[in-house]
Structures are given as structure tokens and as C-alpha cells.
Amino acid sequence: MRKFDCIVVGGGHAGIEAASAAARMGKKTLLLTMLVEQVGAPSCNPAIGGLAKGHLVKEIDALGGEMPLATDYAGLQFRILNENRGPAVRGSRAQIDMDRYRIYMHTKMLNTPNLYMAQEIADEIFVKNGKVIGVKTNLLNIYETKTLILTTGTFMRGIMHFGPVKLEGGRFHELPAKKISKSLEDLGFELERLKTGTTARIDARSIDFSKMQVQYGDKNPRPFSFRTKNFNPKQIPCFITYTNEKTHEIIKSNFHRAPLFTGQIEGIGPRYCPSIEDKLNKFPDKERHHVFVEPQTREAMEYYLNGLSTSLPMDVQEDFIHSIPGLEKARIVRFGYAIEYDFIQPTILKHSLETKTIEGLFFAGQINGTTGYEEAAAQGIMAGINASLKIDGKEPLIFRRDEAYIGVLIDDLVTKGTNEPYRMFTSRSEYRLLLREDNAILRLGKYGYKLGLLDKKTYERIEKLRKEIEKGMKYLNETFVTPNKEINLMLESMGEEKIQNKMELRKIAARHTFNKEKLLEIASELNNFSEEALEQILIESRYHHYIEKQKSQIDKMKEMLSVKIPDDFEYKGIPGLSREVVEKLEKFRPPTLFEASEISGVTPAAIDIIHLYINMRKNKK
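Computed from a predicted structure; not experimentally measured.

Peer 1: Looking at this model, I keep getting lost on the overall build of the protein. Mind explaining?
Peer 2: Each helix and strand counted, the protein has 21 helices and 22 strands in total. Relative to the compact-globule value of 25 Å for 621 residues, the protein shows a C-alpha radius of gyration of 26 Å, a close match. Along the first, second and third principal axes, the C-alpha set of the protein runs to 80 × 70 × 55 Å. Counting only residues that meet the buried cut, the protein has 58% of its 621 residues in that class. Residue pairs in contact within the protein that sit at least 24 positions apart in sequence constitute 72% of those at least 6 positions apart.

Peer 1: Help me understand the pairing of strand β1 (residues 3–9), please; the structure alone is not making it clear to me.
Peer 2: Within a regular beta strand, the side chains point alternately toward one face of the sheet and then the other, so they alternate between its two faces. Counted residue by residue, β1 has six buried out of seven residues, so it is predominantly covered. As judged from the six bridges shared by β1 and strand β9 (residues 142–150), these two strands associate in the parallel manner. Across the sheet, residue I7 finds its bridge partner in β9, namely L148. Relative to strand β2 (residues 29–33), β1 is paired through four bridges, and the arrangement is parallel. In the sheet register, C6 faces β2, and the bridge partner there is T29. As a crossover connection, the stretch from β1 through helix α1 (residues 13–24) into β2 is right-handed.

Peer 1: Help me understand the sheet that holds strand β12 (residues 191–198), please; the structure alone is not making it clear to me.
Peer 2: Strand pairing within a sheet occurs via backbone hydrogen bonds; the two strands may be parallel or antiparallel. Overall, antiparallel pairing links the four strands, which are arranged β11-β10-β19-β12 in an open sheet. The two strands at the open ends of the sheet, each matched to only one other strand, are β11 (165–168) and β12. The average angle at which neighbouring strand axes cross in this sheet is 25°, direction not considered. Strand direction decides the pairing type here: strand β10 (residues 159–162) and β11, joined by four bridges, are antiparallel.

Peer 1: What exactly am I supposed to notice about the side chain of N488 here?
Peer 2: By the element assignment, N488 lies in helix α14 (residues 485–493). Within polar-contact distance, the side chain of N488 engages the backbone nitrogen of I499 at 2.9 Å. In contact with N488, other than residues within four places in its own chain, are P483, K498 and I499.

Peer 1: Just to check I follow, could you spell out the environment of F226 for this structure?
Peer 2: Here F226 is to be found in the loop between β14 (213–215) and β15 (238–242). Note on F226: relative accessible area 15%, which makes it buried. Look past the residues within four positions of F226 in its chain and what remains in contact with it is D61, I441, T458, R461, I462 and L465.

Peer 1: Where do I start with the sheet that holds strand β4 (residues 75–81) in this structure?
Peer 2: Taken in spatial order, the three strands make up an open sheet running β3-β5-β4, and their pairing is antiparallel. A strand with exactly one partner marks an edge of an open sheet, and here the two such strands are β3 (47–49) and β4. Across the sheet, the axes of successive neighbouring strands diverge by a mean angle of 20°, strand direction being ignored. By the bridge criterion, six bridges tie β4 to strand β5 (residues 91–96) in an arrangement that is antiparallel. When the sheet's bridge partners are listed, F78 is paired in β5 with A94. Contacts from helix α3 (residues 67–74) reach β3, β4 and β5 within the one sheet, and its direction differs from that of β4 by about 115°.

Peer 1: Any chance you could explain the pattern of salt bridges here in plain terms?
Peer 2: A side chain with one charge can pair with a side chain of the opposite charge if their charged atoms come near. For the coordinates displayed, the defined rule picks out 44 salt bridges. In this structure, R506 engages E504 in a salt bridge whose closest nitrogen and oxygen atoms are separated by 3.2 Å. Each member of the pair R506 and E504 is classed as buried. Linked by salt bridges that have partners in common, R401, D411, D412, K416 and E430 make up one network.

Peer 1: What's the story with a nonpolar patch on the surface in this structure? I'm lost.
Peer 2: A grouping of V165, L167 and F172 is seen on the molecular surface, where their side chains present a nonpolar patch of about 230 Å² in accessible area. With respect to the helices and strands, the residue L167 is situated in strand β11.

Peer 1: Help me understand the packing of helix α10 (residues 373–391) against helix α11 (residues 405–416), please; the structure alone is not making it clear to me.
Peer 2: Axes are the key here: two packed helices are described by the angle between their axes and the distance separating the axes. At a minimum axis distance of 10 Å, the contact between α10 and α11 shows a crossing angle of 90°. As far as their axial angle goes, α11 and α10 are roughly perpendicular. Facing E375, A378, Q379 and M382 of α10, the residues of α11 in contact are I406, L409, I410 and L413. Of the residues belonging to the contact of α10 with α11, the class tally is six nonpolar, one polar and one charged.

Peer 1: Could you clarify how one ought to interpret the packing of aromatic side chains in this entry?
Peer 2: We describe a pair of aromatic rings using the distance from one ring centre to the other and the angle between the two ring planes. Following the criterion strictly, the structure yields 15 aromatic pairs and no others. Arranged with centres 5.1 Å apart and planes meeting at 70°, the rings of F569 and Y571 form a pair that is edge-to-face. Aromatic rings pair up to connect F4, Y116 and Y143 into one cluster. A cation sits over an aromatic face here: R100 above Y73, 4.4 Å from the ring centre. Directly above the ring of Y242 sits R288, whose terminal nitrogen or CZ lies 3.6 Å from the centroid.

Peer 1: Could you clarify how one ought to interpret α11 in this entry?
Peer 2: For α11, which comprises twelve residues, the first-to-last C-alpha distance of 16 Å matches the rise-based estimate of 16 Å (1.5 Å per residue) to within 8%. With eleven of twelve residues buried, α11 lies mostly within the body of the structure. All of the buried residues along α11 are Y405, I406, G407, V408, L409, I410, D411, D412, L413, V414 and T415. For α11, the secondary structure elements touched by its buried residues are α2 (53–62), α10 and α20 (593–597).

Basis of the calculations
- Residues numbered from 1 in each chain as written.
- Predicted model: local features only at pLDDT ≥ 70, side-chain atom pairs only at ≥ 80, totals over all residues.
- Heavy atoms only, no water.
- Helix = DSSP H or I, 4+ residues; strand = E, 2+ residues; numbered from the N terminus.
- Rg over C-alpha atoms; globule rule 2.2 N^0.38 Å.
- Buried < 20%, exposed > 50% of the residue type's maximum accessible area, 1.4 Å probe, protein only.
- Contact = heavy atoms within 4.5 Å.
- Pairing = 2+ DSSP bridges.
- Right-handed = clockwise from strand over helix to strand, strands pointing away.
- Axes fitted to C-alpha atoms, helices over the stretch in contact; angles between N-to-C directions.
- Polar contact = N/O pair within 3.5 Å; in protein donor to acceptor, adjacent residues only side chain to side chain.
- Salt bridge = Lys/Arg side-chain N within 4 Å of Asp/Glu carboxyl O.
- Patch = residues over 30% accessible without salt bridge, like charges linked within 9 Å, V, L, I, M, F, W, Y side chains within 5 Å.
- Areas by Shrake-Rupley, 256 points an atom, 1.4 Å probe, with all protein chains shown as cover.
- Parallel < 35°, antiparallel > 145°, perpendicular 65-115°, else oblique.
- Nonpolar A, V, L, I, M, F, W, Y, C, P; charged D, E, K, R; others polar.
- Phe/Tyr/Trp six-rings, centres within 6.5 Å; stacked < 30°, edge-to-face > 60°.
- Lys NZ or Arg CZ within 6 Å of the ring centre and 35° of its normal.
- Expected span 1.5 Å × (residues − 1).

Here it is, written out as C-alpha cells:
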């Protein structure tokens, strides 16, 4: 029992996906975690998904991951964000029952074949001849392994800040992981510090909800997972209130007591999810900030104040919370705090998430400088998959930027690194019209099935959907209508403009005023198609030209990356190439643009410039 194919350290969102994927791919897997009952516990906000994060969860689903299924099971409220905007920037988000989510994951891990759990802390990593061979725990147990995945979250030398009070820990009342940091340093890894935080939790009985705006879920909620059956959640509301001038005055007058400004906190915090004191410092003229009051469980006895993350002293937290409408008599169940922890620059990783210096050692999640459950889970499933493929002697699964948001996430991390907690946004993707939430299962489902992480019935459903879409698009592209009396009367009856010229049905279906009902009226041949297929057909029709343009750009990119770089090519003196890029290119001398693009720090813009100068050199000859 002391020998394993794969050991995963850490039972958070990354660790769960890594361990589950490896075990389900047939590898004897050990999950080391500090508290077995806390496996899968959401440490911060009671929600999964959001803008761009929802894309990641849908892609995890296509690869057979656990997060989307757990979210559907534990969901309290489901909403599509940006629903009135284009499909490329919409995002699914769900409030979750944090207890049910944790229990679901705990139960799932204990019932996964090939997966074993041990309540121990990993203290030391053993390496021999440049390969990882095992770990030693705080109980002095030594476990041998072929691959090791570190998903340590905020636990490596974690320090929590409650105003002037500093407590060691990776989460409140949970121990920090200190020796693993030293072990990594002994192996030559340089560790840096980041900071994140959480907000106070409030007793529901002390909240005056009548002073707040009610925020309901969608009338027709959609599940996160393509695999979820009988989805009919009982939804409960969230609430919105706002900070005000008094709130801001209390906080600003206590800046001198804020660990963030006194020098007590050294780590850099998340730019896009800052603490309330950081918001007021950076945006002093803003009159108010949203506070989303969100239930943490189905019983709704405790609420999370999304937007009020803080490490201010406890008396200040009470004062500024009491200044907010609806929270005047709020009783704090748990105070907010900031936490600092160790991470490594992800540029030391390959795109497979394996370290470049030690074979078989993988990193995933916040240890790589990311923030958010979804970013962690996406890295975790890829690390688990690639550790398993490595054991089998197979090539790793690496998604290009045009294939998946997961590809964008990992490429950003390993090529650029980060000096602040990295968060996914749709704007980070150059090909977001192709990488939509709604088509994630169509894009990546084949990989999930091939890896054995999706069952045959699910894959057959995916392929049936794909064929319906292809058949529907073929019909709309090949069927032409002329501006005769019959067609124009039909369009007029739908409230649509008449046509003046002969055109494909696709161009009519592309109108933004068109919906499924209108589509079936002009194309009755699609009557037996599924709702999902009809939705995809409308999207594909509407964005046909943009999608084709992006596909053309991708083809050109693939062609460009195959271009060979001359052996005597001079990088020095080329405008637009930074000194760092020039030094790395001269050091590694990549034979092709593809190999150049794989070097950390060499950006897509740099590749474009090099390609241009290679062509200029050819033309001169």
C-alpha cells in the first residue's frame, strides 16, 4: 500500500480533479490531505462559475471532471451572466450549498476506484536522478510514487491576518504546510508570496432583507454538466446592498490599522477581487460599491458578504458592516481575514504542468499563482491527465489557445508567469467566438471519451448533437429563398423584414431577432432536432462570418508556427523584441516558430515580429 502510480498533495478543487482523473484513468492514486472531511471545501465564496470561469467549468465537464456535477447537485441558484450580450461573453454562475458541495466531493473521492485518501501532511519530496520518487509525511510515513502533483492551495507557509493578529494556517483552524516549502527550496525552486482574502459571514437572523434588492435565479435554469439528469433545482434568492459615505469614512479613517498598508502583509493581492480597503484606496472618489449578500447553505442561516473581503481589525469590521443598509444589526459569525502563502513562478513548468527540472513532478492550482476555484480545478484535471499519460509513456494532452480556455490559462501561466493572483477573463482569449460555453462539450468531449473519463452513452449524445448541428447548418447554407410573395408574407407574419434578394436561409436565421420558433417556421426540416442543436444552429448562423474569419486566422497561425528559423538568424536589433525575449531566443535557438512560442516569456506578438523578419530576409534573397 506504500507504492503508488500518482500521489496528489492537497484536497482542494485542484487536488480533487487531479486525483479523480488519475484514478479513473486506471492509476493507483493517493490523495494526501490535512483533514479528510474538508476535501472539496469551498474556502471563500459560496459560488461556482461566472464570466470566463463558467467556460472553464464547462470544459472541465467535457473532460469528465467532478466540479460541474457537484455544482448541479449543491446548487442554490443558477444564473447566466451577460445573457443579453453575445454568447461568447456569457457566463454561467451558481450559488452553492457549501456543506452539500463538500460532502458530495468527500463521498465521491471515497467511492472512486483506485483512489486512496490519507489524512497526513506532506513534508518532504524525494528525488533521484532528476525524477520524483516519493514523499515523506508528518507521520513519518514514506510513500513511493511515479508521479507527484502538488495542489497546496494557500497552505504553504500560510499566515492569516485579522487586523494586527497573525495566525499560522492555510485556512482558519487548519494547520499550515511549512516543511514542504523548505523541501521545494532545497530542490532548487524559488518561492514567492501572494495574498488573498475572504469576508465576514453574518447570522441571517440579524439581517434586514427588506432594505436590500432581491436577486433571483433564472426562470429556466441550466445545469453546468452535460451529464446531469433530472435537473430541477429549488432556487433561493440572493440580495444586493451597497456601501455608502459612512462606510467609506470608517474604513479610510482606519487605513493606519490595515495590515495591507502597514507593511504587515507583503504578498500581492488579486487585482480583480480586491479587499474593500484596497478598493477605497485605489478608487477614493467612488461613492458606493456593491455588496452581494449570498446564502452559504440551503437552510440560509449564514450569509457571505461578497465584495467586502477585508483584513481590517475586528472592531473596524463590525463598524463598517453596521453602516451598510440592511446590516445595521448584523451579528458576525466569522470575521474576514487575509491570507499570505507561498507560490512558484509557473514559468518553471512545461505546458503539461510538469516541472522542467524534475521529471514526474507536477504543480496545479494556487501554487501556480492563480486565484479561484475554477482556475484551480482546470489545472488539476490537466495535471491528473498528464501525470497518467506520462506513466503510460504517452504524449501529454496540451490544448492550444484556439482549442480551449484551459489552453489560454495554462499558456498564459507558463509563458508569461504572474506577479499577482491570475484570474481568467473572456478578454484573455483571442478566439472567444469559437471558445464559447455552449460548445465546450462539442470541442473537448472527444478527449474526455478517449481518456476514459466520459462514458460511451455520454459521448454518443455528444456525437448525435454534433451531427444534428452539421446537418442543420448544411441545410441552411444550401437552401436558397427568393423574394416571392409567399416567403415575404411568412416573414411579415413573424414580425421580420422582407427580403429583396435571393439568399441562403442561413442569412435569415442570422438575424438577431430570430429565435428557435421562427427558425422552425422557415425550416420545418429541423422540427425533430434537439433544443441544444437548434440553439447552436442559431449561434453558428448569426456569427458565421466572424467564426469563419477566426478559423482562417487559426489556420494561418498553424501554418506560421511550422516556419523554420534559419540557424544564423539574428534576433538582436529587431524592433519590438525585448531584451529578455532576445536573450532567451539566443540561448535556446529554437528551430521553428512553434518551438520559439513554447519558450516562457516569448509572447504571440514576438512570434509575429520574428515571422515578419524571416519573410523579409527571404524576400531579400
